Every structure is written in C-alpha cells, then in structure tokens.
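A closer look at the structure
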Amino acid sequence: MIDVRLLRHDPESVRVALARRGKPELLQQLDAAIALDEQLRQITSERDGIRARVNELSKQVGQARRDGDNAAAELLQAESRTLGDGEKNLAERFDAVQAQLREIMLRLPNTPSAEAPDGASDHDNPVIKGPEQMPASFPDHRRVAHWDIAAELGVLDNERAVKLSGAMFTMQRGPGAQLSRALCQYALDKNADAFEEIRPPSLVTTATLTATGQLPKFAEDAYAIERDDLWCIPTAEAPLTSMYAGEILDESQLPLRLMAYSPCYRREAGSAGRDTRGMLRSHEFDKVEIFALSTPEQAPSTLIELRDRAEALIGGLGLPYRIIEICTGDMGQSHHRSFDIEVYAPGCDTWLEVSSVSWFSDYQGRRADIRYRRAGEKGTHIANTLNGSALAVPRVWAAIMENFREPDGSVIVPEVLRPYMRGLDRISPKG
RNA sequence: GGAACGGUGGCAGAGCGGACAAAUGCAGCCGCCUUGAAAGCGGCCGGCUCACAAGGCCCGGGGGUUCGAAUCCCUCCCGUUCCGCCA
C-alpha cells in the first residue's frame, strides 16, 4: 500500500511515479483516493470533537452522581445522549468512506523506483547481463524439447498426473523426481550461510495473502479453500513476508534474511493452454525463495545481494542465462524494482524465466504492518521487503534436460547436484 | 468434533461499570553515586492518528447495552487442558 500521508503531503510525486506505469486509469484512482482521504479527515475532526465533548460530559455525570446531585446528572446525560446520536451518524459515514478508501488503496500498485527503466511492456525490458539474442550454436542433439527427452528417459509422467489431478499438473519419476528434490536442496544449502531456513505452512489466511498483494486484486489466480477460509500459497513469499506481521523489530535485527522451500500453487486463470507442455507451466511446483526485511537504506544493496545469489545458483549449474530488468510498464503490482533471470532452453528455443528478484519498498510492509525501531528513536518505521526465487524447479529442470543432453540421448547431471542424487552423474534411457 | 478455562503494555500479571492508557514486578532508557561495574536512589518507560500541540482511538476481532465499557451481553477468532479422532 502507498503511504496515505505521502498522498496528502506530496500527491504530485505519487502521480508522477505512478504515471510511469503507463496506465491512465491508475491516476483516476489516485485522484479518487485523495478526495476520499480529504473527506475522511474532515469527518474525523468533526467526530472527534463530539467524542471529546461526550467524554467530558460523562466525567461530569460521574462527579455529579458521586456528589449526590442527581438532577444535574440527568441534565448532563440528556445532552450527552443527543450528542451521541450525531456521533453515531458521523461514525457510520467515517466507516463507509474509510472502506472505500481502503479498497482503492489495496488495489493501487506500488510506485516504481527512480532507477527502474521506463517502458510500456515486456518488450522494453533491458537485458543487463548476458546475450540479447538466443545463442545459435547448439548441436542438434540439444535441439530436442525436454518433454521429448523426458519421455525417452521415463522421468516425466504427465499423463498420469492428469489422471490424478487434471490438466496442467506434472509428475516426475525416478531420476526426474530426484532432480527436483536435488535442485531444492542445492538452493537451500548454497544460501544457508546467511539465510535462516523456514518451513512455512502452504495454506494461509486471507490476511496473509492480502499483505503481499495477491489479494484482493488477484483472487482468481489463487486456489481458495473456502470452507476453511484458507488459500494455497502461490509462493513462499506470502508466509515469509507475514511472519513478522504486526510486530516491531529492532533495527539491529535488520536486514533479516529468511529462505524457504515450499510448493507453489497457481490457478493460471489467464493462461490456460499456454506453455502447457512439459514442465513450463503447471498448477503446482516447487520453489526455494529467499527473502529479506530491511531498512530503506539497506534495501538497494540487499536487492543486489539477492540477485547475485539467484544468479550464482544458475551459474553454478552451468546453464546459459541472462538477466533483464523489469521496466515500469511490465512491473508487478507490488514491485518497486525488479529483475528476472532467464535461462536459455535450446530444445524449446526460448528464454525461460527461472527467477524473479524484487524490492517492494514499504508497500508490503505497510500492508503487513511490519515495523522497526531505530536505536534511540521513539517512533517506528515501516520495514522494506525484498524477495527472490532462489530457484524455481520446473523450468530449471527443463533447461537441464535440454542443455545437458548428450548425443546418445542421456542427460548429464550437473556436478553440484550429484551429492543430492545419490551420486548419479547421468540420466540414461531405460533398458 | 465435545467439555472446561483463558486472551490486558517487550515479558509476567492485577483490574471486572465512573478519577484506567491501565497497579505491581522484570526487562529497557536517563541521571545521581562509583576509578569502573553491581547494588541503591530519583526520573522516564506501549502503539496509532496528528504538527512528537490539543483532541481522538486502541485492553484478541466485530457488534450491542449505557451519560460512561478493559469491566456487562451477543458473536467470531485464537490459545491451554481433558476427551474423541488421527500421520
């Protein structure tokens, strides 16, 4: 959520920043919010005045009763009762206006960072590291799509996954299942030097999913368990961000680094039928997320740290990759600044987004009410949140199949993963 | 799922219609004392809104009763213990 006070004191800066997202309707919503806030403040001051008077009268009633002056008490009570009716009226208007304002604010996206590049869509995302174009120099035996490779090796059984769960579910088996698990272990172990490992719940409350920004706007994209008012997490970002919701941390605890493996659930409401082959897009997948809470001052360098760590994992596997920065027109709802890491998959002949690393400024922190206190200071400040996929399993899995295929059809297991695969160094066709 | 008891400030824990933002203890901060520290003494010591004013709001959430609610009523949520079920 954007700071309402900023809206009040410097609406122009918010307007200019939001305009960079290139969606004119956002500016209309912004104006509506500003107007509602103004209304709210007026109602508040009026209502508080009445309340002050009622409080004062009530004290006098108590005093009169103690003094035994019942006649005076009756009079004061009558006056207070009348005021109370007016207050009730104002309180109702307050609630109504506040609800409207909140609804708009919850759906208004974050302002982009000054460093974020301008652009209208994903076509404008600059490549900041690695090749602009897809590499051409791949031998024919690596120009095979991973679903064909996997079928040959018997490591992917999506037909049976569909039998169990319907379209867009995957099932790995044998060395394929091992590979998924190995990737998670690898990602966790490589970040254990600085990140506390968490095993969070995969089902969370509405409040938890609202804090990170998935709700209320993107309810269609998440799996809901309505009977129990719970949601399946689309990413471990959700539970990790809300771990310290409602708490006040000490500045000395920041930056606070957490990581978690979790399954991720996505309805993919808008993309049914797209990229559905093999492991490219599915309703459930595994991911290791890295996360940090920080002060605004620490955030820019923490963002780079997270990005470097995500890059190191992909680099460590030996996969060809590039890093792009997300432009203002393509940026997610909660994002302030964001990078993607893409791996080249020669079989599919495409770049696959395997990691996304983002800084959310105080947008999520305010929604989750995560605050910190500076040493020697009285007040509190909203914490900044940052997170990144350390490693999203399915697409990396696919890229490994396609990049490390040998002429004989077998797939070489990256060296760093072998300890997690019971020493297996090569996945060969059965029989 | 059933029963009982609970949910108050960083923690522990009183208060159970009026002078309560809320005793007390611990922790924390400042000062005195001390070569330094401990002890002792004095003071401070929750959050939000707001102009770190006034005023207002917050005693799990929401609603109600009342001139007035931490305190009474309703409801929901959460916790503990026992029973049931269960990996």
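Overview of the structure.

**Looking at the pattern of salt bridges**
By the definition in use, this model includes 30 salt bridges. We note a salt bridge from Arg405 to Glu152, for which the minimum N-O separation is 3.0 Å. Here Arg405 is found in the loop between α12 (393-403) and β15 (411-412), whereas its partner Glu152 is found in helix α5 (residues 146-153), with 253 residues between them in sequence. Take Arg405: its relative accessible area is 9%, and that puts it in the buried class. Residue classification places Glu152 among the partly exposed positions, given a relative accessible area of 42%. Two residues, Arg366 and Asp362, come together in a salt bridge whose shortest N-O distance is 2.9 Å. For Arg366, a relative accessible area of 15% corresponds to the buried category. Asp362 gets classed as partly exposed once you look at its relative accessible area, which sits at 24%.

**Considerations on the sheet that holds strand β12 (residues 371-373)**
Taken in spatial order, the three strands make up an open sheet running β6-β12-β13, and their pairing is mixed. The open sheet has two edge strands with one neighbour each: β6 (248-250) and β13 (381-382). Alignment of β12 against β13, held across two bridges, turns out to be antiparallel. From the neighbouring strand, Tyr372 faces β13, where its bridge partner is His381.

**Quick word on unusual backbone geometry**
Following Leu215, the chain continues to Pro216 via a peptide bond in cis, the omega torsion being 0 degrees. Structurally, the position occupied by Pro216 is in the loop between α8 (206-211) and β4 (224-225). With an omega dihedral of -5 degrees, the bond running from Leu254 to Pro255 counts as a cis peptide bond. Relative to the helices and strands, Pro255 is located in the loop between β6 and β7 (256-265). Positive phi, close to 55 degrees, is recorded for Asp349, a residue that is not glycine. Mapped onto the secondary structure, Asp349 falls in the loop between β10 (337-345) and β11 (350-359). Relative accessible area serves as the criterion here: at 40%, Asp349 is assigned to the partly exposed category.

Rules behind the numbers
Residues numbered from 1 in each chain as written. Chains lettered and ligands numbered in written order. Predicted model: local features only at pLDDT ≥ 70, side-chain atom pairs only at ≥ 80, totals over all residues. Heavy atoms only, no water. Salt bridge = Lys/Arg side-chain N within 4 Å of Asp/Glu carboxyl O. Helix = DSSP H or I, 4+ residues; strand = E, 2+ residues; numbered from the N terminus. Buried < 20%, exposed > 50% of the residue type's maximum accessible area, 1.4 Å probe, protein only. Pairing = 2+ DSSP bridges.

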